[in-house]
Amino acid sequence: IQNQETKNELEKLEVILNATPCTISWIDRNLKYEGANKALSDLCGIEINDFKGHDIGFYTNQKYFTNFAKTLFSSNLSTIYGELETEINQEVKRFWVSGTKFNNNDQAILIGVDITELRNLENYISFNEKLSSLGEMVTGIIHEVNNPLAVINMNADWIKEHCHEEKILEHTEKIKMTSHKINKIIKGVRNFVRHEEQDPFDNIY
């Protein structure tokens with residue numbers, strides 16, 4: 001029952017990540033994709049599974065995302081931000097991007113918000129109002145992810161305490177690692193709703 005409940009929560013988290021309008025990708029220090037969510041897949045017209053192993057930004061001729069990732073891994077900061085412009089499928093797009101390192105700084109989560117329309121309309125609509133709406137949306141996402149994540153951690157701890165079979169413990173450890181990765185995603189998303197002036201900010205062009 002515990003394993004089934006954990007599986008159900010993981011499936012729920014996958015649905016949430018793929019339903020999130022922000023683009024989310026996992027990369028390694030070699031600037032290769034380890035995974036992507038549906039928003040990035042749909043934007044590029046590339047299957048989710050086809051991202052793994054490819055260079056960052058392989059779907060565009062520009063190197064802005066590559067340069068952003070290089071800056072992230074060379075930075076002393078765990079998280080950096082930037083506004084990037086690139087061309088995808090012959091369409092110019094602007095993104096507000098957050099990059100957060102984890103796993104001893106060997107991997108990173110990149111989260112992007114498409115602000116193309118916001119930039120096009122900012123002469124008519126308050127940009128701050130749009131960001132406020134985005135913050136409310138992200139806060140809701142964080143709430144939806146935190147609840148099943150707590151259940152996953154609780155069940156994984158229960159399994160480790162009550163079961164001593166090596167194979168099950170191995171899978172339980174993988175669950176804990178996945179939970180850690182999701183927690184990093186949450187922290188990355190939370191950066192979008194922070195407004196402290198002391199937060200580090202990088203412009204990457």
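Residues numbered from 1 in each chain as written. Predicted model: local features only at pLDDT ≥ 70, side-chain atom pairs only at ≥ 80, totals over all residues. Heavy atoms only, no water.

Participant: Which residues make up the environment of Phe65, and what values do they have?
Facilitator: With respect to the helices and strands, Phe65 occurs in helix H3 (residues 64-74). Separated by 20 residues in sequence, Phe65 and Glu85 have C-alpha atoms that sit 9.1 Å apart. Beyond its immediate sequence surroundings of up to four residues, Phe65 is in contact with Ile56, Tyr59, Leu84, Thr86, Phe95 and Val97. (Helix = DSSP H or I, 4+ residues; strand = E, 2+ residues; numbered from the N terminus. Contact = heavy atoms within 4.5 Å.)

Participant: Quick one: what's the story with the pattern of salt bridges, residue by residue and with numbers?
Facilitator: Under the definition given, this model contains 7 salt bridges. We note a salt bridge from Lys32 to Asp55, for which the minimum N-O separation is 2.6 Å. Note that Lys32 is positioned in the loop between strand E1 (23-28) and strand E2 (33-36) and Asp55 in the loop between helix H2 (38-44) and H3, a separation of 23 residues in sequence. The partly exposed category is assigned to Asp55, whose relative accessible area is 42%. Look at the salt bridges and you will find they share partners, linking Glu83, Glu85 and Arg94 into a network. (Salt bridge = Lys/Arg side-chain N within 4 Å of Asp/Glu carboxyl O. Buried < 20%, exposed > 50% of the residue type's maximum accessible area, 1.4 Å probe, protein only.)

Participant: Please provide a residue-by-residue account of the nonpolar core, values included.
Facilitator: In terms of nonpolar packing, the biggest core is built from 24 residues, with Ile24, Trp26, Ile109, Val145, Ile182, Ile185 and Ile186 touching the most fellow members. Sorting the residues of this core by element identifies helix H1 (2-19), E1, strand E5 (107-114), helix H5 (127-162) and helix H6 (166-190) as the ones contributing at least two each. Broken down by element, the residue count for this core peaks at 8 residues, all from H5. (Core = buried A, V, L, I, M, F, W, Y, C linked by side-chain atoms within 4.5 Å.)

Participant: I'd like a description of the sheet that holds E2, backed by residues and values.
Facilitator: Taken together, 5 strands build an open sheet; the order of strands is E2-E1-E5-E4-E3 and the sheet is antiparallel. Strands with a single pairing partner mark the edges of an open sheet, and in this sheet they are E2 and strand E3 (79-88). On average, each strand axis in the sheet is tilted by 25° relative to the strand beside it, whichever way the strands run. Where strand E4 (residues 91-102) and E5 come together, 8 bridges link them in antiparallel fashion. Across the sheet, Lys101 pairs through a bridge with Ala108, a residue of E5. Sitting on the sheet, H3 touches E1, E3, E4 and E5, and the angle it makes with E3 is about 165°. (Pairing = 2+ DSSP bridges. Axes fitted to C-alpha atoms, helices over the stretch in contact; angles between N-to-C directions.)

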